[in-house]
Amino acid sequence: MATSPEPAEPTGAKGAPAVTPAPAATPAPAAPSARTDLPVQGMTCAACVRRVERALRATPGVQEATVNLVTQRATVTYDAHATTPAALARAIVDAGYEVPDAPDAPAATSTTAPAAVGATAPDAPAATGATAPDAPAAVTGGPPSAAPPEARATPAPRPRQAAEERAAAMDAAEQREQRALRRDVAIAGALTAPLLVIAMSHGAIPALDGAAARWLSLALATVVVFGPGRRFFRLAWSALRHRAADMNTLVSLGTGAAWLYSTAAVTAPGLFPHAAHGHMPPVYFEAAAAIVTFVLIGKLLESRARKRLADAVRGLVALQPKTARRVRGDAEDEVPADALAPGDLVLVRPGERIATDGEVVRGASAVDESMLTGESMPVDKTPGSAVLGGTLNQSGALTFRVTRTGADTALARIVEAVEQAQGSRAPIARLADVVSGVFVPIVLGVAALAFAAWLAVDPSGDGLATAVERFVAVLVIACPCALGLATPAAVAVGTGRGAELGVLVKGGAALEAASRVDTVLLDKTGTLTSGRPTLTDVVALEGRAEAELLGLVAAAEHESEHPVARAIVQGARDRGVAVAPASAFRAEIGHGVEAHVGGRLVRVGTAAWLGRAGAATDALEAEAERLGAAGRTPSFVAVDGRLAGLVAVADRPTEEARRAVAALKELGVEVAMVTGDRAGPARAVAEELGIREVFAEVRPEDKARIVREQRAAGRRVAMVGDGINDAPALAGADVGVALGSGTDIALASADVALLRGGIAALPTALALARATLRTIRQNLFWAFVYNVIGIPIAAGLLYPLTGWLLSPVFASAAMSLSSVSVLGNSLRLRAFGRREAA
């Protein structure tokens, strides 16, 4: 068994990738401000986000307000002398939205709060985000370790129960929303289906053609529009009260116009021209109901995607054991992990997770820290070594002294970083919402002008009916069906095709962001490499055959559970080398193993350990240094007290990684490596793959910082990883990409998951995102073309020249045609990747 060599200096040789070690976090300036997080319900689009932000920023004392549509949360920095969380919540409610569990107590002033400490409010409830003695501290920027000790106020503890309660509250709110949406979708779908059958029969079914069918359609559509569709009218009314327009305005306008016109056609057909001659005016009940149904389905899908955000925090919190074995004298007591305090002694046995950060005082073991540090090899721990909460003790018992608890632990900092990154995401900018602010008033103005102009030409009863028909025709042809379908239709087909290709995308926002990516940051362990060591080199001395040497080493290592030992044994088997039985096996943690094999004493381990046993390793020191510089982990071998050779293992890059890096370069995407591993292995892997820029020995919070720096430089960044240590960076990037073989935490924090094919599927994901965004732009273009051409015709603008009048029937057909063109164009994405595969 070998131990990891000393970390190499993170400097690149000439021609080698530049390796940039992560610098220490710079102190964050003290801020004389309080900060609070407020949950906001009822937001549906970017226009809602802008309205809430305007309402908050207009509140006296507010210094900064950021509203996140995905997390449904408002983060506000404010002067605690001028306002309170309760006043901020009232501003949101006055803007037409809801604040669950609105705070009723002010937050205390925080005059020297560093980045890691939020406003401390003894009375403030946890829902506000202001910290209380039993609530987590709010984050005001930067990683929790950013502030120097002298600038750091005493942090309020962030107990595990508080984090669990936050995750549970988010989960409960999402479940309530999903239940309501599922109910509304079921009702709307069940009632819309017969409406579509009636509308599409066109007299082919006599029972569905006549007055009874029209009255039945009125009844069904009324239930859909004013039942499940009620939410759109309520939110549109709220927007109108604040002199704004959003997607709810478009949906309400379309459904309302279709329903009102159709209801008038059924209940008062005499208002329409030619009704006296037996020509019944057409109805559009199916259009009104279908709009409501499809938009609700889209909202349900969005809600399901948002629910995954709670999984990230919940999974991170679950890494910390609920209990720990505290040692006092000769007694061992099992106590809640939250009850531990600095200075306590804690015993952790093999296979158990370490409860909190500390320093080993007794025992020796190998600890798997890959989920926090990215180090692919278990790290040997001896007295004096630091251990991290949430990591997995593998082979021996350890007793450690607690050094940090609560919000100061490495695991808590990662939880904090994930929450901060998710909360700081830019609001999703949806083009249809921006356009609706101009489009809706223009349509209403055109419809009103058409009504007034036709009424002025003919003020008689027939003229009034014609004016109403023109008014309705404009509204019907301007129905936002195509606008509403332009994005979700392409997203639905694009994400469906992605699933077929093994690419899981969390909605349209992730697709849009992925389409603009120009820089990809790749984690090493488990992303570019397999994540487990493999045998790479066997060097034999004294004319001994490599197969003979490997057989002796594998026999000696056979009883060891160390990953390096397992790699050697598996490598021997893969090369067809027989593994003989061994006896008198003995392992020294951090040094090596020895065993008797076929009457010979075989030792495998470090140079110092073999040297103490009388086996000089000078003959192979240069070879060991060469292998170490190439990213391998060498172990010396002595047989009967004499140096016999060495073996080396490494976490090698995969063939999929080679193809992915080459394909990304062909797409014009810059590639860099960001890893918590040592500089030597990182540089070796980068050289093999042709990656020029490497950030090595990076802590989890520094990965997120590097992502922020790249974004600040104007780059569109995708971060690719598979471990918990990648979660903050995944959440903070423009696009977080996780491998399906990775941890649930990485998958929950990511926007895109590569379910099969590993990293090789990344170029496919980015190319699919670009194709989807291109399709969305085409859809929006055609949707507007139909409206721009159809609205003047529907208004009768061309009647004096051509005699053309577009009745609501043809207006509805034009609207349907625009929707069909959008859907047809979106369906072309189903062919994505098939030509390449052929």
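Here is what the cut-offs are and how they apply
- Sequence order sets the numbering: in each chain, residues are counted from 1 along the sequence as written.
- Note on the predicted model: pLDDT of at least 70 is required for a residue's local features to be given, and 80 or more for side-chain atom pairs to be given and counted; whole-chain, interface and lining totals, by contrast, use all residues.
- Hydrogens are left out, water is left out, and the side-chain values use all remaining heavy atoms of the structure.
- Helix and strand definitions here come from DSSP, where helices need a minimum of 4 consecutive H or I residues and strands a minimum of 2 consecutive E residues; each element is numbered from the N-terminal end.
- Type-normalised accessible area, obtained with a 1.4 Å probe on protein chains alone, sets the label of each residue: buried when under 20%, exposed when over 50%, and partly exposed for intermediate values.
- Note on contacts: a residue pair is in contact if any heavy atoms of the two residues lie within 4.5 Å.
- The span expected for a helix works out to 1.5 Å for each residue beyond the first.
- In this analysis, rings of Phe, Tyr and Trp, with Trp reduced to its six-membered ring, are considered paired at centre separations within 6.5 Å, and the interplanar angle assigns stacked below 30 degrees, edge-to-face beyond 60, and tilted for intermediate values.
- The salt bridge definition used is simple: a Lys or Arg side-chain nitrogen within 4 Å of an Asp or Glu carboxyl oxygen.
- To define axes, lines are fitted to C-alpha atoms, for helices over the stretch in contact only, and angles between the resulting N-to-C directions are given on a 0 to 180 degree scale.
- An angle below 35 degrees is treated as roughly parallel, one above 145 as roughly antiparallel, one from 65 to 115 as roughly perpendicular, and anything else as oblique.
- Polar here means any residue other than Ala, Val, Leu, Ile, Met, Phe, Trp, Tyr, Cys and Pro, which are nonpolar, and Asp, Glu, Lys and Arg, which are charged; Gly is therefore polar.
- Strands pair, by our definition, only if DSSP identifies at least two bridges between them.
- In these notes, a set of buried Ala, Val, Leu, Ile, Met, Phe, Trp, Tyr and Cys residues joined through side-chain atoms within 4.5 Å is what counts as a nonpolar core.
- Two N or O atoms form a polar contact when they lie within 3.5 Å of each other; inside protein one atom must be a possible hydrogen donor and the other a possible acceptor, and for residues adjacent in sequence the pair counts only when both atoms belong to side chains.
- By definition, pLDDT measures how confident the predictor is in each residue, and it falls between 0 and 100.

1. Focus on the overall build of the chain
The secondary structure content of the chain amounts to 27 helices and 26 strands. By the burial criterion, 53% of the 838 residues in the chain qualify as buried. In the chain, 69% of the contacts between residues at least 6 apart in sequence involve partners at least 24 apart.

2. Description of helix 24 (residues 762-795)
Along an α-helix, residues three or four apart share an orientation, since each turn contains 3.6 residues. Across its 34 residues, helix 24 extends 49 Å between first and last C-alpha, which sits within 8% of the 50 Å expected from 1.5 Å per residue. Two residues or fewer past helix 24, Gly796 is found with a positive phi of approximately 85 degrees.

3. Examining the packing of aromatic side chains
With the rule as written, the count across this model stands at four aromatic pairs. Ring geometry for Phe781 and Trp782: centres 5.3 Å apart, planes at 75 degrees, overall edge-to-face. Among the aromatic residues, ring-to-ring pairing joins Phe226, Phe233 and Trp259 into one connected group.

4. Digging into the pattern of salt bridges
One side chain can pair with another of opposite charge once the charged atoms of both are near each other. Tallied over the entire structure, the rule returns 22 salt bridges. Measuring nitrogen to oxygen at the nearest pair gives 3.4 Å for the salt bridge that ties Arg600 to Glu548. Linking Arg600 in strand 19 (residues 600-605) with Glu548 in helix 15 (residues 546-557), this pair joins segments that are 52 residues apart in sequence. For Glu623, the salt bridge is made with Arg626, and the minimal N-O distance between the two is 2.5 Å. Taken together, the residues span about one helical turn, with Glu623 and Arg626 both in helix 18 (residues 618-629) at a distance of three residues. Among the residues examined, Glu623 registers a relative accessible area of 22% and is labelled partly exposed.

5. Digging into the packing of helix 19 (residues 655-666) against helix 24
Direction vectors running N to C along helix 19 and helix 24 enclose 30 degrees, while the axes themselves pass 8 Å from each other. When the interaxial angle is binned, helix 19 and helix 24 end up roughly parallel. Judged by residue contacts, Ala660, Ala663 and Leu664 of helix 19 engage Leu762, Pro763 and Leu766 from helix 24. Here the residues of the contact of helix 19 with helix 24 sort into six nonpolar, no polar and no charged.

6. Concerning the pairing of strand 7 (residues 345-348)
Looking at chain direction, strand 5 (residues 323-328) and strand 7 are connected through three bridges and run antiparallel. What sits directly across from Arg325, in strand 7, is Leu347. Pairing between strand 7 and strand 13 (residues 398-404): four bridges, direction antiparallel. Of the residues in strand 13, the one forming a bridge with Val346 is Phe400.

7. Focus: the environment of Thr654
As for its position among the elements, Thr654 is in the loop between strand 21 (642-650) and helix 19. Look at Thr654 and you get buried, because its relative accessible area is 18%. The contact partners of Thr654, leaving out residues within four places of it in the chain, are Leu528, Thr529 and Ser530.

8. Digging into the nonpolar core
Val520, Leu522, Leu528, Ile691, Leu754 and Leu762 are the most contacted members of the largest nonpolar core, which has 47 residues in total. Of the residues forming this core, the biggest block, eight residues, is contributed by helix 24.

9. A word on unusual backbone geometry
Backbone phi values are negative for most residues with the exception of glycine, while trans is the configuration of most peptide bonds. Located in the positive-phi region is Ala584, a residue other than glycine, with phi close to 55 degrees. Here Ala584 lies in strand 17 (residues 582-588). For Asp640, which is not glycine, the phi torsion reads 55 degrees and is therefore positive.

10. Regarding the sheet that holds strand 20 (residues 633-639)
Taken together, six strands build an open sheet; the order of strands is 16-21-20-19-18-17 and the sheet is antiparallel. Whereas interior strands pair on both sides, the edge strands pair on one side only; in this sheet they are strand 16 (534-540) and strand 17. For this sheet the average axis-to-axis angle between neighbouring strands, irrespective of direction, equals 20 degrees. Of the pairings in the sheet, the one linking strand 17 to strand 18 (residues 592-597) comprises five bridges and is antiparallel in character. Its bridge partner lying in strand 18, Ser583 is registered against His596. Running at roughly 125 degrees to strand 16, helix 15 makes contact with strand 16, strand 17, strand 18, strand 19, strand 20 and strand 21 of the sheet.

11. Focus on the side chain of Ser262
Inspection of the secondary structure puts Ser262 in helix 6 (residues 247-267). Apart from residues no more than four positions distant in its own chain, Ser262 is found in contact with Val283, Tyr284 and Phe285.

12. Overview of helix 16 (residues 563-574)
Here helix 16 contains twelve residues, and its C-alpha end-to-end distance of 16 Å stays within 8% of the 16 Å for a straight helix at 1.5 Å per residue. Three or more residues of helix 16 are buried, namely Pro563, Val564, Ala565, Ala567, Ile568, Val569, Gly571 and Ala572. The inward-facing, buried residues of helix 16 contact strand 16, helix 15 and strand 21. Where helix 16 ends, the next residue or the one after it, Gly576, has phi of about 75 degrees, a positive value.

13. Remarks on the sheet that holds strand 9 (residues 365-368)
Spatially, the three strands line up as an open sheet ordered 10-9-12, and their pairing is antiparallel. For this open sheet the edge positions go to strand 10 (379-381) and strand 12 (392-393), each flanked by a neighbour on one side alone. Bridge count between strand 9 and strand 12: two bridges; the pairing is antiparallel. Bridging from a neighbouring strand, Asp368 pairs with Leu392 of strand 12.

14. Some thoughts on the side chain of Arg544
In this fold, Arg544 is placed in the loop between strand 16 and helix 15. Within polar-contact distance, the side chain of Arg544 engages the side chain of Glu548 at 3.2 Å. Setting aside residues no more than four positions away along its own chain, Arg544 makes contact with Leu549, Leu552, Arg600, Val639 and Ala644.

15. Considering the pairing of strand 8 (residues 357-363)
Alignment of strand 8 against strand 13, held across six bridges, turns out to be antiparallel. Its bridge partner being in strand 13, Val360 is matched across the sheet by Phe400. As paired strands, strand 8 and strand 11 (residues 386-387) are joined by two bridges and run antiparallel to one another. Within strand 11, the residue paired with Gly358 across the bridge is Val387.

16. Brief notes about the environment of Leu806
Examined against the element boundaries, Leu806 turns out to sit in the loop between helix 25 (799-802) and helix 26 (808-827). According to the relative accessible area criterion, Leu806 is buried, its value standing at 14%. Counting along the chain gives 14 residues from Leu806 to Pro792, while the straight-line C-alpha distance between them is 9.4 Å.

17. What to know about the confidence of the model for the chain
Across the chain, pLDDT averages 75, with 71% of residues at or above 70. In the predicted structure, residues 104-163 sits below a pLDDT of 50 and forms 152 contacts with residues beyond four places in sequence or in another chain. Contacts from residues 420-429, a stretch scored under 50 in pLDDT, to residues over four places away or in other chains number 31 contacts.

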